[in-house]
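Summary of structural features
Each chain, written out:
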Amino acid sequence: MKISEIKKEMLKHRDFYGGDIIYVEEINKAKSKKELAKIIEDHRSHQEAMLSDASSTLDIFKRKLGLHIL
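Anyway, here's the lowdown on the structure attached to this text. (Residues numbered from 1 in each chain as written. Predicted model: local features only at pLDDT ≥ 70, side-chain atom pairs only at ≥ 80, totals over all residues. Heavy atoms only, no water.)

Things to note about helix α3 (residues 33-64)
The end-to-end C-alpha distance of α3 is 47 Å, a good match for the 46 Å that 32 residues give at a rise of 1.5 Å each. For α3, every residue scored as buried is listed here: Leu36, Ile39 and His43. Its buried side turned inward, α3 meets α1 (3-12) and α2 (24-29). Trailing α3 by a residue or two, Gly66 shows a phi angle of about 75 degrees, which is positive. (Helix = DSSP H or I, 4+ residues; strand = E, 2+ residues; numbered from the N terminus. Expected span 1.5 Å × (residues − 1). Buried < 20%, exposed > 50% of the residue type's maximum accessible area, 1.4 Å probe, protein only. Contact = heavy atoms within 4.5 Å.)

What follows is the structure in structure tokens.
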């Protein structure tokens, strides 16, 4: 696939939750497949961080309710 085609696909991609790849500017500036692959990995890291934040918030809520010992 040509870089221009990859960029087009990346810009219209929606993840499992319906979100797009957040690094639009970087996609537009990318000149190589290696750069585009890194953008996808950076997005993966962003999703992992969001999951971690969500899990931590849920744990805090569970402790607040006194349910952390069950």
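Some remarks on the environment of Leu51
Looking at the element boundaries, Leu51 is found in helix α3. In sequence terms Leu51 and Met10 are 41 residues apart; their C-alpha atoms lie 22 Å from each other.

Comments concerning the nonpolar core
Among the nonpolar cores identified, the biggest contains seven residues, and these are Ile6, Met10, Ile21, Ile27, Ala30, Leu36 and Ile39. Counting only elements with at least two residues in this core, the list comes to α1 and α3. Beyond its immediate chain neighbours, meaning those up to four positions away, Ile39 contacts Met10, Ile21, Tyr23, Glu26, Ile27 and Ala30. (Core = buried A, V, L, I, M, F, W, Y, C linked by side-chain atoms within 4.5 Å.)

As for the pattern of salt bridges
Enumeration over the complete set of coordinates arrives at three salt bridges. Where Lys12 meets Glu9, a salt bridge forms, and the shortest distance between an N and an O atom there is 3.3 Å. Of the two residues, Lys12 and Glu9 are both situated in helix α1; the distance of three residues between them amounts to about one turn of the helix. Notably, a salt bridge pairs Asp42 with Lys38, separated by 2.9 Å at the nearest N-O pair. Here Asp42 and its partner Lys38 are both found in helix α3, four residues apart, which amounts to about one turn of the helix. Note on Asp42: relative accessible area 28%, which makes it partly exposed. (Salt bridge = Lys/Arg side-chain N within 4 Å of Asp/Glu carboxyl O.)

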